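Below are the chains, spelled out letter by letter.
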Amino acid sequence: MYKTKKIILASASPRRKEILEKTGLKFMVDASDYEEDLSLRMPARRLARYLSCEKAKAVANRHRNAIIIAADTIICFNDKVFGKPHNENEAKRMLNILNGRSHYVITGFTIIDTEEVQSVSRSIVTKVYFKMMTMKKIDAYVRTGEPLDKAGAYAIQGVGAAIVKKIEGDYNNVVGLPVDALMKALRKFGVYN
């Protein structure tokens, strides 16, 4: 593990924290206060990297001699980007659009070494296929409350697993942190063996 640098996860997401804890890495959480803007006009992969970078920079400004890790997950369907729904109606609308179709889950992550002033940003893509659902099933899922703080209005690691037909790619990426790609990138910072 790393010598004296603090490792900081710049995220309030309990899912990202849980995934990172499973690696055995010792870290602190300091959630970023950066306000995401999904209306920025750039390709989805670049947008995910950009948002993760801005989150990381906001936290990096508060820490010296630290490794900052930030991530942002978005959903892309037919070149449209979906973030987290703001209410139940928006969640239903998102789920109805994705219903019976495939879409891409894109997680951008950024690592910043605040002492060495070096950083890396990557984006990882996983393809997710939804089952066909009736409006009754969509309504019932939204009533669970689970979709309201999840990109694309579903949680593959929760009740939402029942609406996913299959995935192509990294499961942890869909949850919110592509741990394999992240650990590979952290090695370049001397953090992970």
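Overview of the structure. What you see is a predicted model, and the numbers here were worked out from it, not measured in a lab.

Turning next to the pairing of strand β3 (residues 66-77). Along β3, twelve of the twelve residues are buried, which leaves the element largely enclosed by surrounding structure. With burial as the criterion, each face of β3 is covered, one bearing Ala 66, Ile 68, Ala 70, Asp 72, Ile 74 and Cys 76 and the other bearing Ile 67, Ile 69, Ala 71, Thr 73, Ile 75 and Phe 77. Alignment of strand β1 (residues 6-9) against β3, held across four bridges, turns out to be parallel. Bridging from a neighbouring strand, Ile 7 pairs with Ile 67 of β3. Sheet topology places β3 next to strand β5 (residues 102-113); ten bridges connect them, and they run antiparallel.

The next thing to look at is unusual backbone geometry. Positive phi, normally seen in glycine, also occurs at Asp 79, with a value near 65°. For Asp 79, the position within the fold is in the loop between β3 and β4 (80-82). For Asp 79, a relative accessible area of 76% corresponds to the exposed category. Even without glycine at this site, Ala 153 takes up a positive phi of about 70°.

Here we come to helix α4 (residues 135-143). By the burial criterion, the buried members of α4 are Ile 138, Tyr 141 and Val 142. Buried residues in α4, looked at end-on, bunch into an arc of 100°, giving them a common side. Turned more than 90 degrees away from the buried face of α4, the exposed residues are Lys 136 and Arg 143. The inward-facing, buried residues of α4 abut α3 (88-98).

Attention now moves to the nonpolar core. By size, the foremost hydrophobic cluster in this structure holds 43 residues, and its most contacted members are Leu 20, Leu 95, Ile 111, Phe 130, Tyr 154, Leu 182 and Leu 186. By size, the runner-up hydrophobic cluster in this structure holds nine residues, among which are Ile 8, Ala 10, Ala 70 and Ile 112.

Taken together, the side chains of Arg 122, Lys 184, Arg 187 and Lys 188 present a region of like positive charge at the surface. Mapped onto the elements of the fold, Lys 188 is located in the segment after α6 (179-187).

The next point concerns the packing of aromatic side chains. Taken as a whole, this structure holds one aromatic pair when the rule is applied. Aromatic pair Phe 130 and Tyr 154: ring centres 4.7 Å apart, planes at 80°, arrangement edge-to-face. Here Phe 130 is found in strand β6 (residues 118-130), whereas its partner Tyr 154 is found in the loop between α4 and β7 (164-168), with 24 residues between them in sequence. Of the two residues, Phe 130 and Tyr 154, both sit in the buried class. Positioned above the aromatic ring of Tyr 129 is the side chain of Lys 166, whose terminal nitrogen or guanidinium carbon lies 4.7 Å from the ring centre.

Rules and cut-offs
- Residues numbered from 1 in each chain as written.
- Predicted model: local features only at pLDDT ≥ 70, side-chain atom pairs only at ≥ 80, totals over all residues.
- Heavy atoms only, no water.
- Buried < 20%, exposed > 50% of the residue type's maximum accessible area, 1.4 Å probe, protein only.
- Helix = DSSP H or I, 4+ residues; strand = E, 2+ residues; numbered from the N terminus.
- Pairing = 2+ DSSP bridges.
- Arc of directions from axis to C-beta.
- Contact = heavy atoms within 4.5 Å.
- Core = buried A, V, L, I, M, F, W, Y, C linked by side-chain atoms within 4.5 Å.
- Patch = residues over 30% accessible without salt bridge, like charges linked within 9 Å, V, L, I, M, F, W, Y side chains within 5 Å.
- Areas by Shrake-Rupley, 256 points an atom, 1.4 Å probe, with all protein chains shown as cover.
- Salt bridge = Lys/Arg side-chain N within 4 Å of Asp/Glu carboxyl O.
- Lys, Arg positive; Asp, Glu negative; His and termini not counted.
- Charge placed at Lys NZ, Arg CZ, Asp CG, Glu CD.
- Phe/Tyr/Trp six-rings, centres within 6.5 Å; stacked < 30°, edge-to-face > 60°.
- Lys NZ or Arg CZ within 6 Å of the ring centre and 35° of its normal.

Such coordinate-based values are descriptive only and should not be taken to indicate function.
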